[in-house]
Amino acid sequence: MPSVVKVCLAAVDREPERPYHYPMPGRDNLWLQIARYSQLAFTLPAATVVGWLIGEGLDLWLHTHWLYLAGLLLGIAAGFVELVRTVMAGEKS
């Protein structure tokens, strides 16, 4: 009986075989790298527009005329932070 348990545990602990179409660990596919870096073309402008819209909404709500600039600057900063994070994550892998 103990030998059956050992065989079952060995089968459970064994790592499954990888099908041939999966990339090797640590190596990114070219299309995956293209997708990762092309997201930056949308992230930076989107963060800028969202920051501007939030600032514009605060301007309308609080009856001011300068918060759109603060929102715009925060959106640009958030976009650049995401850009740096994406590039640094790409260099690690």
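This structure is a prediction, so every number in the text was calculated from the model and none was measured. (Residues numbered from 1 in each chain as written. Predicted model: local features only at pLDDT ≥ 70, side-chain atom pairs only at ≥ 80, totals over all residues. Heavy atoms only, no water.)

> Describe the environment of Glu-82, with residues and values.
Tracing the chain through its elements places Glu-82 in helix H4 (residues 67-92). Note on Glu-82: relative accessible area 29%, which makes it partly exposed. Separated by 38 residues in the primary sequence, Glu-82 and Leu-44 have C-alpha atoms spaced 7.8 Å apart. With near-sequence residues (within four places) excluded, Glu-82 lies in contact with Leu-40 and Thr-43. (Helix = DSSP H or I, 4+ residues; strand = E, 2+ residues; numbered from the N terminus. Buried < 20%, exposed > 50% of the residue type's maximum accessible area, 1.4 Å probe, protein only. Contact = heavy atoms within 4.5 Å.)

> Report on the confidence of the model for the protein, specifying residues and quantitative values.
Per-residue pLDDT for the protein has a mean of 80; in total, 69% of the residues score no lower than 70. Of all helices and strands in the protein, the one with the weakest mean pLDDT is helix H1 (residues 2-13) (57), whereas helix H3 (residues 40-62) scores best (94). (pLDDT = per-residue confidence, 0-100.)

> Run through the pattern of salt bridges, naming residues and quoting values.
Using the criterion set out here, one finds one salt bridge in the structure. Note that Arg-85 is salt-bridged to Glu-82, the shortest N-O span being 3.7 Å. On the criterion of helical spacing, the pair formed by Arg-85 and Glu-82 is a turn pair, its members being three residues apart in helix H4. By relative accessible area, Arg-85 is classed as exposed at 58%. (Salt bridge = Lys/Arg side-chain N within 4 Å of Asp/Glu carboxyl O.)

> Tell me about the environment of Arg-36, and please be specific about residues and values.
Note on placement: Arg-36 falls in helix H2 (residues 30-38). For Arg-36, a relative accessible area of 23% corresponds to the partly exposed category. Along the backbone, Arg-36 and Thr-86 are 50 residues apart, and their C-alpha atoms lie at a distance of 7.8 Å.

> Go over unusual backbone geometry, please, and point to the residues and values.
One non-glycine residue, His-63, lies in the positive phi region at around 55°. Tracing the backbone through its elements, the reader meets His-63 in the loop between H3 and H4. Residue His-63 is classed as exposed on the basis of its relative accessible area of 70%.

> Please provide a residue-by-residue account of a nonpolar patch on the surface, values included.
A cluster of nonpolar side chains, Val-50, Ile-54, Leu-58, Trp-61 and Leu-62, forms an exposed patch at the surface whose accessible area comes to about 520 Å². What makes Trp-61 exposed here is its relative accessible area of 64%. (Patch = residues over 30% accessible without salt bridge, like charges linked within 9 Å, V, L, I, M, F, W, Y side chains within 5 Å. Areas by Shrake-Rupley, 256 points an atom, 1.4 Å probe, with all protein chains shown as cover.)

> Any details on H3? Residues and values, ideally.
Between its terminal C-alpha atoms H3 stretches 33 Å, which fits the 33 Å expected from 23 residues at 1.5 Å a residue. All of the buried residues in H3 are Leu-40, Ala-47, Thr-48, Gly-51, Gly-55 and Asp-59. Looking at the buried positions of H3, the neighbouring elements they touch are H2 and H4. Downstream of H3 by one or two residues, His-63 has phi in the positive range, about 55°. (Expected span 1.5 Å × (residues − 1).)

> Now, about the environment of Thr-86: what can you tell me, with residues and values included?
Structurally, Thr-86 can be placed in helix H4. Filtering out sequence-adjacent residues up to four positions away, Thr-86 remains in contact with Arg-36, Tyr-37, Gln-39 and Leu-40.

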